[in-house]
Each structure stands twice: as C-alpha cells, then as structure tokens.
Amino acid sequence: MKKIVKLLIICLLITGCGTKYETIDSNKAMTIINEDSNTVIIDVRSSEEFNEGHIKNAINIPLDEIKDINYNKETNIIVYCATGVRSSEAAKELSSLGYTKIYNLDGGLLNWGFELED
C-alpha cells in the first residue's frame, strides 16, 4: 500500500499537480482557430512587442495581467509569446484559475508559420 501512495505522489509531482494545458504547434493552432470562431488568442508579450506584429485576431494581455481575464472556463484559449516561455507560465496560471481548454503555442512566434498582423 505504501508503494502505491508513493507512486501516486510521484505521478502528481511529475504532472504538475493537476496543471492541464496542451502545447501545440502552429498547424494545430490554426485548426483550432478555424474550427471554433470563439477561440480566444492571447498574446502575453508586452504591448510594445505586440505592436510590432501579432497573430491575426489576437488580443494583448501581458503575462502579469493574465490572472484578470474573465471568459467562460470552457472557452478554447490559445496563449503565445515570442518563444513559448511566458505563454507556458500563462497556461499554468489559466489552468490554476479553472480554465479547461488551454493551448500553449510551442516555440511562440518564432515557430509561427503564418502571416502576422501589424
């Protein structure tokens, strides 16, 4: 019995204690966007970075403000930044807030294979 408890504790630690989001590539992101017009695309970079170019229809909510969003908890939310580091943090925060359909763009804009808006 002790071995099972230890194994469960290790599994929880490895999986981030319930943090749930999916890291996706740009093709999967486009599929989600095209299949659900209510998908929210959040750029967690600074406003200066956002103004230099961003994904079409994205909104700018810097990482330090991500905890203030208020959407339906089951809305598809794609988060991204320049490289995927800040958006990973945003995805973890959104998960802790109870959002259930969170997608982190792997590699951020560096790996975005589509046109950007100014």
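Here, every reference points to the structure presented above.
Residues numbered from 1 in each chain as written. Predicted model: local features only at pLDDT ≥ 70, side-chain atom pairs only at ≥ 80, totals over all residues. Heavy atoms only, no water.

> I'm lost on the overall build of the protein in this one. Help?
If you tally the helices and strands in the protein, you get 4 helices and 5 strands. The order of α-helices and β-strands along the protein, N terminus first, is α-β-α-β-α-β-β-α-β. Considering the protein as a whole, with its 118 residues, one finds that 36% of them fall into the buried category. Taking the contacts inside the protein whose residues are at least 6 apart along the sequence as the reference set, 69% of them involve residues at least 24 apart. Approximately 7400 Å² of the protein is accessible, and the part contributed by carbon and sulfur atoms is 52%. (Helix = DSSP H or I, 4+ residues; strand = E, 2+ residues; numbered from the N terminus. Buried < 20%, exposed > 50% of the residue type's maximum accessible area, 1.4 Å probe, protein only. Contact = heavy atoms within 4.5 Å. Areas by Shrake-Rupley, 256 points an atom, 1.4 Å probe, with all protein chains shown as cover.)

> Honestly, the environment of Gly53 in this entry has me stumped. Any pointers?
Tracing the sequence through the fold places Gly53 in the loop between helix H3 (47-51) and strand E3 (59-60). A residue is classified by how much of its surface remains accessible, and Gly53, at 5% relative accessible area, is buried. The spacing of Gly53 and Glu117 is 64 residues in sequence and 5.4 Å in space, taken between C-alpha atoms. Those residues within four positions of Gly53 in sequence are excluded, and the remaining contacts are Arg45, Leu109, Leu116, Glu117 and Asp118.

> When you look at the environment of Tyr21 in this model, what are you seeing that I'm missing?
Turning to its location among the elements, Tyr21 is positioned in the loop between helix H1 (2-14) and strand E1 (22-24). For Tyr21, the residues in contact, after removing those within four places along its chain, are Ser88, Ala91, Lys92, Ile102 and Asn104.

> For this particular structure, what's the right way to read the pattern of salt bridges?
In a structure, side chains of opposite charge can pair up when their charged atoms sit close to one another. The final tally for this structure, using the stated rule, is 3 salt bridges. Between Glu49 and Arg86 there is a salt bridge whose closest N-O contact spans 2.9 Å. Linking Glu49 in helix H3 with Arg86 in helix H4 (residues 85-96), this pair joins segments that are 37 residues apart in sequence. Accessibility expressed as a relative area gives 22% for Glu49, which makes it partly exposed. Put simply, Lys92 and Glu89 hold a salt bridge, and the shortest N to O gap is 3.6 Å. Placement of both Lys92 and Glu89 in helix H4 is noted, with a separation of 3 residues, approximately one turn of the helix. The partly exposed category is assigned to Lys92, whose relative accessible area is 36%. For Glu89, a relative accessible area of 42% translates into the label partly exposed. (Salt bridge = Lys/Arg side-chain N within 4 Å of Asp/Glu carboxyl O.)

> Would you explain the sheet that holds strand E2 (residues 40-43) in this entry?
By definition, the strands of a sheet pair up through backbone hydrogen bonds, in either a parallel or an antiparallel sense. Judged by pairing direction, the sheet is parallel, and its 5 strands sit side by side in the order E1-E5-E4-E2-E3 without closing on themselves. Strands at the two margins of the open sheet, each flanked by one partner only, are E1 and E3. Relative to strand E5 (residues 102-105), E1 runs parallel, the two being bridged by 3 bridges. Bridged to Ile24 within E5 is Leu105. Where helix H2 (residues 26-35) meets the sheet, it contacts E1, E2, strand E4 (77-80) and E5, and its direction lies at approximately 105° from that of E1. Packed on one face of the sheet, H4 meets E4 and E5 and runs near 175° to E5. (Pairing = 2+ DSSP bridges. Axes fitted to C-alpha atoms, helices over the stretch in contact; angles between N-to-C directions.)

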